[in-house]
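Chain residues, written in single-letter form:
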Amino acid sequence: MLNFAIQTAREAGNVLLEKFGRITSITKKGDINLVTEADLASEALIIERIKSYQPRHAILAEESGEAIVIGGDTKWKWIIDPLDGTTNYAHGYPCFCVTIALEHDGEIVVGVTFDPTRNEMFAAEKGGGATLNSKPISVSAETKLSDSLIVTGFPYNFRDKPNFERAFTEFLLRSRGVRRDGSAAIDMAYVACGRFEGFWEEGLHPWDVAAGKLLIEEAGGTISYYDGSEFSIYSPPICASNGGVHEQMLEVLR
Ligand code: IPD
Ligand code: CA
Ligand code: CA
């Protein structure tokens, strides 16, 4: 399953790369939420591959609606974001990825995030560790928030979330820096490989975080809700970290 996910993410990433800078069709899903022909082409390819590989597995894919279930075996569910970072992509800003996860009986067992512009394949299998381009990765060993680089995302509906502004200011004051790169899946992959110590965001969807959750857990990190309780990919918000700065992040977010 892991090799299939890796292969499929690479193929879909190449579709994104071929179309990058050449997009002719951009549609608005909401006020500022976009969908391009690349999102659709990448998703069509991934669904096609899954259907021929495991026709009875369920699929939850962003652009095909909240939840489409193909086949009858809902024990196995592929969770797909065919292009995470669509706004970046539409503006020619090279920070986007394909992210694919496989859930079995409610547990993520495979997760891959492929960044085609940097040719970086982040992959994890439950109990098998996490890798970047086939080499093992682990979260950063940092324990001080003041020496940490933190990343977040501005939710599309951030105007309705006043608490975001307060947390953002607090993290700016308490950390070494705060980044906003526009792809939650890449943000989480970067926590897994130690580039960022922590990530928080509200208003995400299961397909944004499913692969990242496994990547971070397999790389030795910690994920929870803002109150420290157990995180589910089906209901944001999320606080993810290297573990060492998790409590300090929760102090800000509580
Ligand atoms: C978005 C990105 C972004 C996050 C948004 C997501 P999309 O996904 O992950 O970083 O801030 O909340 O919706 O729309 O580019 O797939
Ligand atoms: Ca997304
Ligand atoms: Ca997307």
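The notes below deal with the structure included here. (Residues numbered from 1 in each chain as written. Chains lettered and ligands numbered in written order. Predicted model: local features only at pLDDT ≥ 70, side-chain atom pairs only at ≥ 80, totals over all residues. Heavy atoms only, no water.)

This brings us to the packing of aromatic side chains. Enumeration according to the criterion identifies 13 aromatic pairs in this entry. Both rings, one in F154 and one in F164, keep their centres 5.5 Å apart while their planes meet at 80°; by these two values the pair is edge-to-face. Here the residue F154 occupies a position in the loop between β10 (149-152) and α4 (162-174), and F164 occupies one in helix α4, the gap between them amounting to ten residues. On the basis of an interplanar angle of 40° and a centroid distance of 5.8 Å, the ring pair of Y190 and F196 is categorised as tilted. Given a relative accessible area of 9%, Y190 falls into the buried group. Taking relative accessible area as the criterion, F196 reaches 5% and is therefore assigned buried. (Phe/Tyr/Trp six-rings, centres within 6.5 Å; stacked < 30°, edge-to-face > 60°. Helix = DSSP H or I, 4+ residues; strand = E, 2+ residues; numbered from the N terminus. Buried < 20%, exposed > 50% of the residue type's maximum accessible area, 1.4 Å probe, protein only.)

What follows concerns the coordination of the calcium ion (ligand 3). Protein ligation of the calcium ion (ligand 3) involves E62 (OE), D81 (OD), D81 (OD) and L83 (O), the donor distances falling in the range 2.2 to 3.1 Å. Motif for the calcium ion (ligand 3), donor spacing along one chain: E-x18-D-x1-L. In this structure, the calcium ion (ligand 3) lies 3.7 Å from the calcium ion (ligand 2), and both are coordinated by D81. Take D81: its relative accessible area is 1%, and that puts it in the buried class. (Donors = N, O, S within 2.8 Å, 3.2 Å for Na, K, Ca; no water.)

So, on to unusual backbone geometry. With an omega of 10°, the peptide bond running from P236 to P237 counts as cis. In this structure, P237 sits in the loop between β13 (222-224) and β14 (238-241). Unusually for a residue other than glycine, N133 sits at a positive phi of about 50°. Within the fold, N133 resides in the loop between β8 (130-132) and β9 (135-137). Looking at N133, the relative accessible area reads 36%, which means it is partly exposed. Phi angles above zero are rare outside glycine, and S134 is one such case at about 75°. Position of S134 relative to the elements: it lies in the loop between β8 and β9.

In ideal tetrahedral geometry, four donors around a metal make angles of 109.5 degrees, whereas ideal octahedral geometry with six donors gives angles of 90 or 180 degrees. Note on the calcium ion (ligand 2): its protein donors are D81 (OD), D84 (OD) and D208 (OD). The metal-donor distances range over 2.1 to 2.2 Å. Mapping the donors of the calcium ion (ligand 2) onto the primary sequence gives the spacing D-x2-D-x123-D. Given the relative accessible area of 6%, D84 is considered buried. Residue class for D208 comes out buried when judged on its relative accessible area of 8%.

Taken together, 16 residues lie around ligand 1, and D84, G85, T86, G182 and E201 are the ones closest in. Residue S183 places a main-chain N or O atom 3.1 Å away from an oxygen atom belonging to ligand 1. Considering ligand 1 on its own, with 380 Å² of exposed area, one finds that the protein chains cover 96% of that surface. A per-element tally of the shell around ligand 1 places strand β4 (residues 73-84) first, with three residues. For the shell around ligand 1, the per-class residue count stands at five nonpolar, five polar and six charged. Viewed by domain, the shell around ligand 1 spans two of them, domain 1 (2-136) and domain 2 (145-253), each represented by three or more residues. (Near = heavy atom within 4 Å. Polar contact = N/O pair within 3.5 Å; in protein donor to acceptor, adjacent residues only side chain to side chain. Areas by Shrake-Rupley, 256 points an atom, 1.4 Å probe, with all protein chains shown as cover. Nonpolar A, V, L, I, M, F, W, Y, C, P; charged D, E, K, R; others polar. Domains from an automatic or database assignment.)

Interpretation note: all reported values are geometric properties and have no functional meaning in isolation.
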